[in-house]
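These are the residues of each chain, in order.
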Amino acid sequence: MSSLNKFLYKSTLPSSLQRVILEIMRASKYTAHAITTEETGKSGETNVQGEEQLALDMRCDEIFCNILSESELIASFASEEQENEVEINGENGKYSVAFDPLDGSSLLDVNGCVGSIFGIWEGNGFIGKKGKDLVASGYIQYGPRTTAMISFDGKTHEFTLCEVGEYQLTKQNISIDSIAKIFAIGNLRALPERPEYKKVLDYFLENKNTLRYAGGMVPDINTILCKENGIFTYPSHSEYPNGKLRLLYECAPMAQIMMNAGGNATDEEGENIEDIEIVQLHQRTSIILGSSSSVDDVVDILQKK
Ligand code: AFP
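Residues numbered from 1 in each chain as written. Predicted model: local features only at pLDDT ≥ 70, side-chain atom pairs only at ≥ 80, totals over all residues. Heavy atoms only, no water.

1. Here's the deal with unusual backbone geometry
Not every positive phi belongs to a glycine, and asparagine 111 is a case in point at roughly 55 degrees. Relative to the assigned elements, asparagine 111 resides in the loop between strand 5 (95-103) and strand 6 (114-122). With phi around 50 degrees, aspartate 153 is a residue other than glycine that occupies positive phi space. For aspartate 153, the location among the structural elements is in the loop between strand 8 (146-152) and strand 9 (155-161). For aspartate 153, a relative accessible area of 46% corresponds to the partly exposed category. (Helix = DSSP H or I, 4+ residues; strand = E, 2+ residues; numbered from the N terminus. Buried < 20%, exposed > 50% of the residue type's maximum accessible area, 1.4 Å probe, protein only.)

Shown next as structure tokens:
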């Protein structure tokens, strides 16, 4: 099997973009180590989202920030844990990276799988850009094994961190079935106020679909990509009127990863996630993502009301 380095080298990606991806993946190795060796307790701080930060949230953010800050290729970066964009080389940089350094941190205390998510855009900054402008995206899942899905040039591939600390290609050209048999139905707390979402649940149950819901965006979407089948739903409700998940560093990268695997990714009105303009670093969106025909069916159900 090819190493990530060799796979990138043989690709058509500019060497500068290859280097940025490798720096992000270097950060993931330190993150994987921190997760298995450092405390999972609370930090006593809250982030810009008003969410209680765990010590590991801050540690993983520090790892990504430090590594990206060292690169002359980085124009700026944006993190879930940082209120504002951080300019590194500005107009002298080539790429801007948005990342969620530790997604699903509420799963740490139960030893659940967590992940890091990233998206890479050309140029300096994010406002005014869209998911379709991403030049590469990916996530790392920290579980019994550390694995990653990395997407560029219209394809999505899986890599696994091997014993010598190198990512090896383990699955090339992921391809998602069009009809879901697996469903990861998020935000069930919306059911009482959204009877149309109950119809979505009934749709999955009537089709005898298999429920797989971990409560982490990375493990839930990773199941769909590894099984090459499934659908993930996280609609809005009164607590999160625009949805809970963030466009810039969660939904836009995940949408590209999924679409480059032949799936689809829209909001609950059916707008392609990749077409939603980034107007605020931490803006939220609803998301329906996975097997393309099933995404269409769920949006139709939600829209019929
Ligand atoms: P945490 O980072 O607070 O664990 O939230 C994880 C997350 O942002 C995303 O990874 C999940 O898909 C989603 O929230 C789960 O939300 P619920 O807790 O409402 O199921």
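Read on, since the account is not over.
2. Focus: the pairing of strand 9
When you tally the buried positions in strand 9, you get five out of seven residues, the bulk of the element. Hairpin connection from strand 8 to strand 9: two residues lie between these consecutive antiparallel strands, with aspartate 153 at a positive phi of about 50 degrees. Sheet topology note: the strand 9/strand 10 (residues 167-171) ladder contains four bridges and is antiparallel. Of the residues in strand 10, the one forming a bridge with leucine 161 is tyrosine 167. In this antiparallel pair of consecutive strands, strand 9 and strand 10, the connection spans five residues, and glycine 165 shows a positive phi of 80 degrees. (Pairing = 2+ DSSP bridges.)

3. Let's talk about helix 3 (residues 55-69)
For helix 3, which comprises 15 residues, the first-to-last C-alpha distance of 21 Å matches the rise-based estimate of 21 Å (1.5 Å per residue) to within 8%. Restricting attention to buried positions, one finds in helix 3 the residues Leu56, Asp57, Cys60, Asp61, Ile63, Phe64, Cys65, Ile67 and Leu68. Where helix 3 is buried, its residues contact helix 2 (15-37), strand 2 (52-54), strand 3 (74-79), strand 5, strand 6 and strand 7 (134-142). (Expected span 1.5 Å × (residues − 1). Contact = heavy atoms within 4.5 Å.)

4. What about the site of the ligand?
Residues in close proximity to the ligand total 14 residues, the closest being Asp103, Ser106, Tyr213, Met217 and Tyr234. Between aspartate 103 and the ligand, the recorded distance is 2.6 Å, taken from a side-chain N or O atom to an oxygen atom. Backbone polar atom of glycine 104 to an oxygen atom of the ligand: 3.1 Å apart, as the coordinates give it. If you map the ligand onto the pockets, it falls in the largest pocket. Among the residues forming the shell around the ligand, the class breakdown is five nonpolar, five polar and four charged. When residues of the shell around the ligand are assigned to domains, at least three fall in each of domain 1 (4-171) and domain 2 (182-303). (Near = heavy atom within 4 Å. Polar contact = N/O pair within 3.5 Å; in protein donor to acceptor, adjacent residues only side chain to side chain. 1 Å grid on protein atoms, 1.4 Å probe; cavity = no way out; pocket = protein on both sides within 12 Å on 5 of 7 lines; lining within 4 Å. Sits in = over half its atoms within 2 Å of the grid points. Nonpolar A, V, L, I, M, F, W, Y, C, P; charged D, E, K, R; others polar. Domains from an automatic or database assignment.)

5. Regarding the pattern of salt bridges
Per the stated rule, a full pass over the model turns up twelve salt bridges. With a closest N to O distance of 2.9 Å, arginine 26 and glutamate 23 form a salt bridge. One end of the pair, arginine 26, and the other, glutamate 23, are both in helix 2, three residues apart, so they sit about a helical turn from each other. Sharing partners across several salt bridges, the network here consists of Glu23, Arg26 and Glu70. (Salt bridge = Lys/Arg side-chain N within 4 Å of Asp/Glu carboxyl O.)

6. Details of the pairing of strand 7
Among the nine residues that make up strand 7, eight are buried, leaving the element largely enclosed by the rest of the structure. In this structure, strand 6 lies alongside strand 7, joined through eight bridges in antiparallel fashion. Within strand 7, the position partnered with glycine 115 by the bridge is glutamine 141. Sheet topology note: the strand 7/strand 8 ladder contains six bridges and is antiparallel. Note on strand 8: the bridge partner recorded for serine 137 is serine 151.

Keep in mind that these numbers describe shape and distance, not what the molecule does.
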